[in-house]
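Working through the structure, step by step
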Amino acid sequence: MNDTVPQKLVVEPRDGYLYVVYGADTVTLQMIVDAINAVVEAIRANAYTRVLLARNGPLLESDAARALVAALIKNLVSEDVRFAIVDVYGNDPEQTQRALEASRATGWNVHGFESEADAIKWLMDSLVLLRPDRGRRSLLAMARISRWCENKPPGRDPAAIQSKLRMSTVE
């Protein structure tokens, strides 16, 4: 289980998501920041909105450091980027859950999973197949409309608006 190599980082494009493996026997905040920078670069370069992170290392020691990392990620990627984390290292499940809850409290769109299969299913269930000529702009427009619909302005039917938007952007 704890068979990591000091600071291993793999960033691999997959069909519909970015696959990231991060591992280390000892984790420092600087190591995490360096890994985040590499992942964010790949997200931005290829307009990924889904990331599967296989963590093969211990959690950061303090809640403050974890909150800092979550806030950093939240501020570096757009809010439509979803992260699924699978802990392959064997960290304490309660501590892992507490870290995930604290990360989500910062606004980072992250969820933990027992297996990569479950994580991929969650990532792909919400993936919108866009027409190539509309690309990322359509997804951002959908996100804005979705947020607008959540506010449910009087006299508007959010479901009808979302349905029309989906029909106009999905093949």
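**A short note on empty space enclosed by the protein**
Regions of empty space are outlined by a rolling probe, equal in size to a water molecule, passed over the atoms. Enumeration according to the criterion identifies one cavity of 30 Å³ or more in this entry. Its boundaries defined by the atoms lining it, the largest cavity holds a volume of some 480 Å³. Lining the largest cavity are 26 residues, and of these Ile32, Leu53, Arg55, Val69 and Trp108 lie nearest its centre. At the level of elements, strand 2 (17-23), helix 1 (29-46), strand 3 (50-56), helix 2 (63-76), strand 4 (82-87) and helix 3 (93-105) are the ones that each hand at least two residues to the lining of the largest cavity. For the lining of the largest cavity, the element with the most residues is helix 1, which contributes five residues. Of the residues contributing to the lining of the largest cavity, the split by class is 21 nonpolar, three polar and two charged.

**Remarks on the packing of aromatic side chains**
Enumeration according to the criterion identifies two aromatic pairs in this entry. Ring centres of Phe83 and Trp108 lie 5.3 Å apart, and the angle between their planes is 70°; on these two criteria the pair is classed as edge-to-face. Of this pair, Phe83 sits in strand 4 while Trp108 sits in the loop between helix 3 and strand 5 (110-113), placing them 25 residues apart in sequence. Each member of the pair, Phe83 together with Trp108, is buried. Judged by centre distance (5.4 Å) and plane angle (45°), the ring pair of Phe113 and Trp122 falls under tilted. Since its relative accessible area comes to 18%, Trp122 is described here as buried.

**A short note on the side chain of Arg50**
Residue position: Arg50 is located in strand 3. Here Arg50 occupies a buried position and makes no salt bridge, while the nearest side chain of opposite charge, Asp80, is found at 6.2 Å. There is a polar contact of 3.4 Å between the side chain of Arg50 and the side chain of Thr49.

**Thoughts on the confidence of the model for the protein chain**
In the predicted model, the protein chain carries a mean pLDDT of 80, and the fraction of residues at 70 or more is 70%. Mean pLDDT across the elements of the protein chain bottoms out in helix 6 (residues 158-169) (49) and peaks in strand 4 (97). Confidence drops under pLDDT 50 across residues 1-5; counting only partners more than four residues distant or on other chains, this segment forms 15 contacts. Across residues 164-171, where pLDDT falls below 50, the model places 19 contacts with residues more than four positions away in sequence or in other chains.

**A few points about the sheet that holds strand 4**
Strands in a sheet are paired, the pairing made by backbone hydrogen bonds, and the direction either parallel or antiparallel. Read from one edge of the open sheet, five strands run 1-2-3-4-5, paired in mixed fashion. In this open sheet, the two edge strands, each paired with only one partner strand, are strand 1 (8-14) and strand 5. Each strand of the sheet is rotated relative to its neighbour by a mean of 20°, with strand direction disregarded. Helix 1 rests against strand 1, strand 2, strand 3 and strand 4 of the sheet, and its axis sits at about 165° to strand 2.

Conventions we followed
- Residues numbered from 1 in each chain as written.
- Predicted model: local features only at pLDDT ≥ 70, side-chain atom pairs only at ≥ 80, totals over all residues.
- Heavy atoms only, no water.
- 1 Å grid on protein atoms, 1.4 Å probe; cavity = no way out; pocket = protein on both sides within 12 Å on 5 of 7 lines; lining within 4 Å.
- Points joined across faces, edges and corners; volume = space filled by probe spheres on them.
- Helix = DSSP H or I, 4+ residues; strand = E, 2+ residues; numbered from the N terminus.
- Nonpolar A, V, L, I, M, F, W, Y, C, P; charged D, E, K, R; others polar.
- Phe/Tyr/Trp six-rings, centres within 6.5 Å; stacked < 30°, edge-to-face > 60°.
- Buried < 20%, exposed > 50% of the residue type's maximum accessible area, 1.4 Å probe, protein only.
- Lys, Arg positive; Asp, Glu negative; His and termini not counted.
- Salt bridge = Lys/Arg side-chain N within 4 Å of Asp/Glu carboxyl O.
- Polar contact = N/O pair within 3.5 Å; in protein donor to acceptor, adjacent residues only side chain to side chain.
- pLDDT = per-residue confidence, 0-100.
- Contact = heavy atoms within 4.5 Å.
- Pairing = 2+ DSSP bridges.
- Axes fitted to C-alpha atoms, helices over the stretch in contact; angles between N-to-C directions.

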